[in-house]
Amino acid sequence: MQVIEVDNLRKQYRDHVAVQDISFTVERGEIFGIVGPNGAGKTTTVECVEGLRTPDGGSIKVLGLDPRRDGAELRHRVGAQLQESALPDRMKVWEALDLYASFYPRPADQRRLIDDLGLGDKRETTFGKLSGGQKQRLSIALALVGDPEIAVLDELTSGLDPNARRDTWDLIEQVRDGGVTVLLVTHFMDEAERLCDRVAVVDAGRVVALDSPSSLIARMDTAQRIRFRPASPLDDGLLIALPEVRSVRRNGVQVVVTGTGNLLQAVTSVLARNQIVAADLRLEQASLDDAYVALTGHAAVSD
Amino acid sequence: MTGLPRLIFMELKLFLREPLAVFFAVAFPALLVGILGSVPGFREPKQDIGGLRVIDLYVPIAIAFVLVMLSLNLVPATLATYRERGILRRLATTPVGPTALLAAQMLMSLLMAVGAVLLVLAVGRLAFDVALPQQPTGFALAFVLGAAAVFAMGLVLAAVAPSARSAQGFGTVLFFPVMFFAGLWVPRAAMPGTLRDISDFTPLGATVQALQDAAAGAWPQALHLAVMAAYAVVFGLVAVRTFRWQ
């Protein structure tokens, strides 16, 4: 069942078009990612989904509701974590959760939420005294405190250290296992690859690809890469002739072969037939990051 | 407790955690009355101010001080901070919405103002024998209209200020002319005629005179009530038109 349907969304600001034409649907219970560089229109898109902005064109349905017209109903059922949103410095962790819980008819168990997010010993700490990661985790807790059907999380791990990021990923998987649909905005490809069931790759206000991370990677004609050092001279032509091979490069004494399908098998049989021993042989799988670069033609902007 | 009352309670808690703000808005005006009242000459009736004592004049001025501190300094800075830090936007994604926070902040400040005014009246009455308002209804009306006028101005300030810091700056700059015409440095009764005429048309000049009249047992003058109401309506409309949530 589809819980979010975005059709031909268009949003223009005074001087530029933030979203040209974006369409996607999110199924109940999945973690759906929107990835793309800064300024691609990701945040604008989810802000339209949340009802914070009015689209200039196209249509959006969230849980069958129109985010602008039925905003009141929707806000009971969708939890949001915004990029760059803070709390008053002197508000304590438990007070923030208590306050936000009071906005909803059937809030989640605050104590459990606090513990799950590793803020148990910070209950009495004021927001101003929390570290960046703790602030981020509190912000996620506030998005979940209303026990939403959909959680929209915008750049949820920016500013977190590697350990905190992994913990947050585990938490998001738990949230999904609890039946919540997650719409995730991120510019971290490792995060999208690890968490998302499907991702929409957005660039310059358009969806350039939409699939599961593994399919996006498999779609690349350089999905796999083999590196080895031939023990005796090797004619590149032997490898290029193989249908699985896309390219052969020399990196000093190292040979780098890219390609698809059963690349390793094809390459090693040629080597064996010609009695060439491959030393230090390594097979590398392309990541979503590589697929992203191939799709958009530029690298994901990293912090 | 849910929704608005919960937000008001939270705003109150946050306000009470700012000792400096609490001191200036709530305690200082009563302290001002206490300090002025301890000058012996200010407790003597004076012919040039209509047979009143200076301390009698300063009770309404201290009330104006309460209003200006809350409406032009604290509320705009707080609201601008809430906007700057995305707190209003964050609330826009919850069932209560950002208007509730704005309302909670205003109501909490009004509550504080009432408390501070009672403190001022109590100090005046108990320490210096300043009579309690003889026309309580008129006094309450003058207070409410005066508060509406300056709180509407404070909202406009919060709307147009690009940042929390500038909201605070504008508030401080506005404090001086507004309080000057309210009579903080020269009470209205001692102002030259032209100055007093101008003061009649300023929000807190009108408020102070209306409070003064009601304290003495008369109904506030229509001019002063109209001036306060006009400020409240005009600035209120401008605030509604210009307020930005993000």
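Residues numbered from 1 in each chain as written. Chains lettered and ligands numbered in written order. Predicted model: local features only at pLDDT ≥ 70, side-chain atom pairs only at ≥ 80, totals over all residues.

## Re the overall build of chain A
Helices and strands together make up the secondary structure of chain A, namely 11 helices and 13 strands. Seen through its principal axes, chain A has C-alpha atoms that stretch 75 × 45 × 35 Å. Relative to its full complement of 303 residues, chain A shows a buried share of 42%. Considering only residue pairs separated by 6 or more positions, chain A has 69% of its internal contacts joining residues 24 or more positions apart. (Helix = DSSP H or I, 4+ residues; strand = E, 2+ residues; numbered from the N terminus. Buried ≥ 20, exposed ≤ 12 C-beta atoms within 10 Å, placed from the backbone. Contact = placed C-beta atoms within 7 Å.)

## Observations regarding the pairing of strand β6 (residues 150-154) of chain A
Residues and elements named next belong to chain A. Counted residue by residue, β6 has 5 buried out of 5 residues, so it is predominantly covered. Here β6 shows two buried faces, one formed by Ile150, Val152 and Asp154 and the other by Ala151 and Leu153. With 5 bridges connecting them, β6 and strand β7 (residues 181-186) associate as parallel partners. Bridged to Val152 within β7 is Leu183. Taking the sense of rotation as the criterion, the β-α-β connection linking β6, helix α6 (residues 162-177) and β7 turns out right-handed. (Pairing = 2+ DSSP bridges. Right-handed = clockwise from strand over helix to strand, strands pointing away.)

## Things to note about the nonpolar core
In this structure, Ala141 of chain A together with Val66, Val120 and Ala152 of chain B are the most contacted members of the largest nonpolar core, which totals 159 residues. When near neighbours in sequence (up to four residues on either side) are disregarded, Ala152 of chain B contacts Tyr231, Ala232, Phe235, Gly236 and Ala239 of chain B. In terms of nonpolar packing, the next biggest core, distinct from the first, is built from 9 residues, Ile226, Leu239, Val257 and Val267 of chain A among them. (Core = buried A, V, L, I, M, F, W, Y, C linked by C-beta atoms within 7 Å.)

## What about the interface of chain A and chain B?
The partner chain B presents 17 residues to the 20 residues of chain A that form the contact. Secondary structure elements with two or more residues in the side of chain A that touches chain B: α2 (71-77) and α3 (93-101) of chain A.

## What to know about the confidence of the model for chain A
Model confidence for chain A is summarised by a mean pLDDT of 89, while 98% of its residues fall at 70 or above. Confidence scores differ between elements of chain A, with helix α11 (residues 288-296) of chain A showing the lowest mean pLDDT of 83 and strand β3 (residues 31-35) of chain A the highest of 95. (pLDDT = per-residue confidence, 0-100.)

## Some details on the pairing of β3 of chain A
Residues and elements named next belong to chain A. For β3, the tally of buried residues reaches 5 of 5 residues, placing the bulk of the element in the interior. Alternating residues of β3 divide into Ile31, Gly33 and Val35 and Phe32 and Ile34, and every residue in both groups is buried. Bridging between β3 and β7 involves 5 bridges; their strand directions are parallel. In the strand pairing of β7, Phe32 is matched with Leu183.

## Side note on the packing of α3 of chain A against helix α5 (residues 132-144) of chain A
Pairs of packed helices are described in terms of their axes, by the angle between the two and the distance that separates them. Residues and elements named next belong to chain A. Contact geometry of α3 with α5 gives a least axis separation of 9 Å together with a crossing angle of 20°. Overall, the two elements α3 and α5 adopt an arrangement that is roughly parallel. Considering how the two elements wind past one another, α3 and α5 form a crossing that is right-handed. Seen from α3, the contacting residues are Val93, Ala96, Leu97 and Tyr100; seen from α5, they are Leu138, Ala141 and Leu142. Of the residues that constitute the contact of α3 with α5, the class distribution is 7 nonpolar, no polar and no charged. (Axes fitted to C-alpha atoms, helices over the stretch in contact; angles between N-to-C directions. Parallel < 35°, antiparallel > 145°, perpendicular 65-115°, else oblique. Left-handed = near helix turned anticlockwise from the far one by under 90°. Nonpolar A, V, L, I, M, F, W, Y, C, P; charged D, E, K, R; others polar.)

## A word on the domain arrangement of chain A
When cut into domains, chain A gives domain 1 (2-217) and domain 2 (221-285). Summarising the inter-unit geometry, the C-alpha centres of domain 1 of chain A and domain 2 of chain A are found 43 Å apart. (Domains from an automatic or database assignment.)

## Section: the sheet that holds strand β12 (residues 254-259) of chain A
Residues and elements named next belong to chain A. Strands sit in the order β11-β12-β10-β13 across an open sheet of 4 strands; the sheet is antiparallel. The open sheet has two edge strands with one neighbour each: β11 (245-251) and β13 (278-285). When strand polarity is set aside, the average angle formed by the axes of neighbouring strands in this sheet is 15°. Where β11 and β12 come together, 6 bridges link them in antiparallel fashion.

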